[in-house]
Amino acid sequence: TQSTGGEPSVSWLFTPRITPDIESWEKLVGGTSGTLILGNLQKDEGGYYFCQLTDGYGYSLISRGALVVVTYLDPDFGAYPEAQTITESKAYIKIPCQPPPSNPPAKINWYKDEKLIENVENMVQEYVSASRYGSLIIFNPRISDSGNYACEASNVNANPEKRKTSEVLIDIKVEGTGTYAQKFVQDHDVLVKKGEDAVLHAGAIGFPVPSYRWTLGVSVEIDVKPGSRFSTADYGRELRISGVRTEDRGTYWCQYKNVYTDSVAVVRLYVIEDISFNTVLSEQTVEH
């Protein structure tokens, strides 16, 4: 029902994601001021905010929206490392770690005896899904792998602060079996904005260390020569693409092979183009 007159009014609308059903959007404070002040935002208050102007006759106009991103890193891990004593030879052991809820997703680093673990031939982080990742796999565990291990989670909100677990002792008293290679990262999707860098990880390790061969599809060999946008790291099981282009999207295969196995890991790369929505005016990051 239209009103018969009166002063225009200003209200604000909020929705976690853009939907065509505007009536379902939450209506916030109203009045005659066009300024909305946000403070001490909670995790569920990140989303799109719209200003709605209604005249004295009931007609309204909705502005373009502002996207507010609330970053956070909760204090409690989903799973913590546990001490282990290994007295029988094993193909691999897993030290559990599940990062705290966070936005953006937390990055996991592992430390052994207070030193960052990087490019160790028989260690890799497990990836099951976007909500289950971070456990450390030690393949063919050896006596020399014994030590005090800790898991660290960080994201842009935690800089310089980071969340780190207490150290646990992994005491390995025997040498590993070294009998095969195995994949510890499930086939998964990677979404990257056009122009940004992409990292694709096969997550397969073994002993002897497998050879790794990356292809786009089953047959297009990836050019990793010096000067190329493509490079490998972490013994070849990680493929890095700098300045991702639209034509880079597709399904990447990593063949990993040693004397015990010949198998394939699959990573699907999606490239997000720059798209302009008339409902999105700006993006703000608010630390929580």
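Residues numbered from 1 in each chain as written. Predicted model: local features only at pLDDT ≥ 70, side-chain atom pairs only at ≥ 80, totals over all residues. Heavy atoms only, no water.

## Description of the sheet that holds strand β7 (residues 92–95)
Working definition: the strands of a sheet are paired by backbone hydrogen bonds and lie parallel or antiparallel to each other.
And step 1. Pairing is antiparallel in the open sheet, where three strands are placed in the order β7-β12-β11. Only two strands of the sheet have a single partner each, and these edge strands are β7 and β11 (123–129). Averaged over all neighbouring strand pairs, the angle between strand axes comes to 35°, with direction disregarded.
And step 2. Pairing of β7 with strand β12 (residues 132–139) involves four bridges; the strand directions are antiparallel. (Pairing = 2+ DSSP bridges. Helix = DSSP H or I, 4+ residues; strand = E, 2+ residues; numbered from the N terminus. Axes fitted to C-alpha atoms, helices over the stretch in contact; angles between N-to-C directions.)

## Re the packing of aromatic side chains
And step 1. The tally for this structure, following the rule as stated, stands at four aromatic pairs.
And step 2. Between the aromatic rings of Phe77 and Tyr80, the centroid separation amounts to 5.4 Å while the plane-to-plane angle is 55°, which identifies the pairing as tilted.
And step 3. For Phe77, a relative accessible area of 8% gives the class buried.
And step 4. On the accessibility criterion, Tyr80 (41% relative accessible area) is partly exposed. (Phe/Tyr/Trp six-rings, centres within 6.5 Å; stacked < 30°, edge-to-face > 60°. Buried < 20%, exposed > 50% of the residue type's maximum accessible area, 1.4 Å probe, protein only.)

## Some points on the pattern of salt bridges
And step 1. Inspection of every chain in the model, using the stated rule, returns 10 salt bridges.
And step 2. Several salt bridges converge on common partners, so that one network encompasses Glu121, Arg142 and Asp145. (Salt bridge = Lys/Arg side-chain N within 4 Å of Asp/Glu carboxyl O.)

## Description of the environment of Phe207
And step 1. Along the chain, Phe207 turns up in the loop between β19 (204–206) and β20 (211–216).
And step 2. Taking the C-alpha atoms as reference points, Phe207 and Gly176, separated by 31 residues in sequence, lie 9.7 Å from one another.

## Comments concerning the sheet that holds strand β22 (residues 230–233)
And step 1. The strand order across the open sheet built from three strands is β18-β23-β22, with neighbouring strands paired in antiparallel fashion. If you trace the sheet from one side to the other, it starts and ends with β18 (198–201) and β22, each paired once. When the angles between neighbouring strand axes are averaged without regard to direction, this sheet yields 25°.
And step 2. One ladder, built from four bridges, connects β18 with strand β23 (residues 238–241); its direction is antiparallel. Across the sheet, the residue bridging to Ala198 is Ile241, located in β23.

## Focus: the pairing of strand β13 (residues 147–154)
And step 1. In terms of residue burial, β13 counts as a mostly covered element, since seven of its eight residues are buried.
And step 2. Bridge count between strand β9 (residues 107–112) and β13: six bridges; the pairing is antiparallel. Across the sheet, the residue bridging to Trp110 is Cys151, located in β13.
And step 3. Note that β13 and strand β15 (residues 168–172) share three bridges and pair antiparallel. By the bridge assignment, Gly147 is partnered in β15 with Ile170.
And step 4. Where β13 meets strand β14 (residues 163–164), two bridges bridge the pair, whose relative direction is antiparallel. If you follow Glu152 over to β14, its bridge partner there is Lys164.

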